[in-house]
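Remarks on the overall topology
Take a look at the letters that make up each chain.
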Amino acid sequence: LLSSKLGPAEIARRVEAFLVDFRQKLLDMPAEDLERHVASLAAQKLEPDRTLSSVQEGAFGELQERKRVFDRPLREALELATVGREDLLRILDSFIARCAADRRLLVVASIGGQAKAKRASELEAFQKDYPGAKVVSSQAEFLAGTSLHSNMV
């Protein structure tokens, strides 16, 4: 997300607030509406590629990741048929919500030279909002301090 009026810390706060609101919206959503959303997403996945370039991108992505699952959109559409409100809430509560035990969060913040936000105040705000967060200043510093899955190296 990008803003010329808000600093990265405030944007992150608003995303956190959105997630709380989204959870409530998901709880309050009528079952029929949820089913329509799921069906719409499945239909999008089943849309045929419209250009040779998009066919190539999909095939190359599978080869690059060494997965070779060339019917992935069909498999994903079929799997979507099994997704229910409880599944979405479980994922949200386990991995995405602020208090989720298994949450992993990576925030990349960039502040331009003419931005109203200042690096020091943004770092202070992030450290207040995300106690224990590690701040790195380069990709090399990030990679040195973490272990990645083999297909991400």
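Structure report, in brief.

Here we come to the overall build of the protein chain. Along the backbone of the protein chain there are seven helices and zero strands. Reading the helices (α) and strands (β) of the protein chain from amino to carboxyl end gives α-α-α-α-α-α-α. The buried share of the protein chain, taken over its 153 residues, is 19%. Partitioning the contacts of the protein chain with sequence separation of at least 6, the portion at a separation of at least 24 is 59%. For the protein chain, the computed accessible surface area is about 12,200 Å², with 57% contributed by carbon and sulfur atoms.

Two quantities define a packed helix pair, namely the angle between the axes and the distance from one axis to the other. The interhelical angle for the contact between helix α1 (residues 8–28) and helix α5 (residues 85–96), taken along N-to-C directions, is 160°, at an axis separation of 10 Å. For the element pair α1 / α5, the angle class is roughly antiparallel. Seen along the crossing, α1 lies across α5 with a hand that is left-handed. Between α1 and α5, the contacting residues are Leu19, Phe22, Arg23, Leu26 and Leu27 on the first element and Arg85, Leu88, Leu89, Leu92, Asp93 and Ile96 on the second. Class assignment of the residues belonging to the contact of α1 with α5 gives a composition of eight nonpolar, no polar and three charged.

So, on to α5. Considered for burial, the residues of α5 that qualify are Arg85, Leu89 and Leu92. Projected down its long axis, α5 carries its buried residues within an arc of 65°, all on one side. Buried residues in α5 make contact with α1 and α2 (31–45).

A separate point is unusual backbone geometry. In this structure, Arg66 is a non-glycine residue whose phi angle is positive, near 60°. Along the chain, Arg66 turns up in the loop between α3 (52–64) and α4 (72–80). Here the phi dihedral of Arg68 falls at roughly 55°; this positive angle occurs in a residue that is not glycine. On the secondary structure map, Arg68 appears in the loop between α3 and α4.

Looking now at the pattern of salt bridges. Scanning the model with the defined rule gives 12 salt bridges in all. Close ionic contact of Glu10 with Arg14 constitutes a salt bridge, the shortest N to O distance being 3.1 Å. A residue pair is termed a helical-turn pair when its members lie 3 or 4 positions apart in one helix, as Glu10 and Arg14 do in helix α1 at four residues. Given a relative accessible area of 26%, Glu10 falls into the partly exposed group. For Arg14, a relative accessible area of 49% translates into the label partly exposed.

Parameters and conventions
Starting from 1, residues in each chain are numbered consecutively following that chain's sequence as written. For this predicted model, a pLDDT threshold of at least 70 governs which residues receive local features, and a threshold of 80 or more governs which side-chain atom pairs are given and counted, while totals over whole chains, interfaces and linings are taken from all residues. Excluded from the side-chain calculation are hydrogens and water; included are all heavy atoms of the structure. Going along the chain from the N terminus, every DSSP run of H or I of four or more residues is numbered as a helix, and every run of E of two or more is numbered as a strand. Throughout this description, buried means an accessible area under 20% of the type-specific maximum (1.4 Å probe, protein chains only), exposed means over 50%, and partly exposed covers the range between. We call two residues in contact when some of their heavy atoms are within 4.5 Å. The Shrake-Rupley method, run with a 1.4 Å probe sphere, supplies the accessible areas, and residue values consider only the shown protein chains as cover. Note on geometry: axes are lines fitted to C-alpha atoms, helical ones only across the stretch in contact, with angles between N-to-C directions running from 0 to 180 degrees. Throughout, the term roughly parallel applies to angles under 35 degrees, roughly antiparallel to angles over 145, roughly perpendicular to angles from 65 to 115, and oblique to all others. By definition, turning the near helix anticlockwise from the far helix through less than a right angle yields a left-handed crossing, and turning it clockwise yields a right-handed one. Residues are grouped as follows: Ala, Val, Leu, Ile, Met, Phe, Trp, Tyr, Cys and Pro are nonpolar; Asp, Glu, Lys and Arg are charged; all remaining types, including Gly, are polar. The arc in question is traced by the directions running from the helix axis to the C-beta atoms. The term salt bridge refers to a side-chain nitrogen of Lys or Arg lying within 4 Å of a carboxyl oxygen of Asp or Glu.

These values are about where atoms sit, not about what they do.
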